Amino acid sequence: MGLLGNVEFNSLNDLFLHQLEDLYDAEQRLTSALPQMAEAATSPQLKQAFHTHLDQTRTHVTRLEQVFHRIGAEPKRETCPAMKGLIKEGQEMIDAKGDSTVRDAALIAAAQRVEHYEMAGYGTVRNFAQHLGMDDVAQLLQKTLDEEGETDKLLTQLAETGINARAHA
Ligand code: FE
Ligand code: FE
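As the structure is a prediction and not an experimental result, all values here were calculated from the model. (Residues numbered from 1 in each chain as written. Chains lettered and ligands numbered in written order. Predicted model: local features only at pLDDT ≥ 70, side-chain atom pairs only at ≥ 80, totals over all residues. Heavy atoms only, no water.)

Peer 1: Quick rundown of the pattern of salt bridges? Include the residues and the values.
Peer 2: Under the criterion given, the structure shown has seven salt bridges. Of the charged contacts in the structure, one is a salt bridge between Glu21 and Lys76, with a shortest N-O distance of 4.0 Å. Of the two residues, Glu21 is situated in helix H1 (residues 12–40) and Lys76 in the loop between helix H2 (44–70) and helix H3 (81–95); the sequence distance between them amounts to 55 residues. For Glu21, a relative accessible area of 8% corresponds to the buried category. With a shortest N-O distance of 2.8 Å, Arg77 and Asp25 are connected by a salt bridge. Here Arg77 is found in the loop between H2 and H3, whereas its partner Asp25 is found in helix H1, with 52 residues between them in sequence. A residue is classified by how much of its surface remains accessible, and Arg77, at 39% relative accessible area, is partly exposed. Given a relative accessible area of 2%, Asp25 falls into the buried group. (Salt bridge = Lys/Arg side-chain N within 4 Å of Asp/Glu carboxyl O. Helix = DSSP H or I, 4+ residues; strand = E, 2+ residues; numbered from the N terminus. Buried < 20%, exposed > 50% of the residue type's maximum accessible area, 1.4 Å probe, protein only.)

Here it is, written out as structure tokens:
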């Protein structure tokens, strides 16, 4: 969400569009960040998880474009300072030196913050779409929400089934 204080909301539609533009910016930032996360990961499963989610994230971008299209709006990016910050934290983990397994645990910690942020965003726009009577749009947004949730669970699983224990060894 922009911090410049130049937005005006007069209807739930205005807010809905603004939130979509924020997510559209966030997802595009992630398509640039995820390849670096994959590169930095040591565990092959974690690397794979980041690659898989990169593909999904590209789909999230095109799905948002479909949503803009369905509501008759041009796809537009509203700078998302929160995602910029989350990616900055991820960059810290990417650049970190030290034990490779602990660094993997650090990458997971950063990535799960991102997924939870996205889940909050998509839950909100899915609800707005429902309230606005746009069931098809709500369904599209639900698909992305599900994929963010599955990714979050997979990251927890990778952490719990090895990476954390090895990081602690
Ligand atoms: Fe996404
Ligand atoms: Fe995601």
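Peer 1: Any chance you could break down the packing of H1 against helix H5 (residues 135–168) for me, citing the residues and the numbers?
Peer 2: At a closest axis distance of 14 Å, the pairing of H1 and H5 adopts a crossing angle of 35°. As for how H1 packs across H5, the hand of that crossing is left-handed. Of H5, the residues touching H1 (which contributes Phe16, Leu20 and Glu27) are Val137, Leu141, Thr144 and Glu148. A per-class count over the contact of H1 with H5 returns four nonpolar, one polar and two charged. (Axes fitted to C-alpha atoms, helices over the stretch in contact; angles between N-to-C directions. Left-handed = near helix turned anticlockwise from the far one by under 90°. Contact = heavy atoms within 4.5 Å. Nonpolar A, V, L, I, M, F, W, Y, C, P; charged D, E, K, R; others polar.)

Peer 1: Could you give me a rundown of the packing of aromatic side chains, with the residues and numbers involved?
Peer 2: Following the criterion strictly, the structure yields one aromatic pair and no others. Between the aromatic rings of Tyr24 and Phe68, the centroid separation amounts to 5.3 Å while the plane-to-plane angle is 70°, which identifies the pairing as edge-to-face. You can see Tyr24 sitting in helix H1 and its partner Phe68 sitting in helix H2, a full 44 residues away along the chain. In this structure, Tyr24 and Phe68 share a single accessibility class: buried. (Phe/Tyr/Trp six-rings, centres within 6.5 Å; stacked < 30°, edge-to-face > 60°.)

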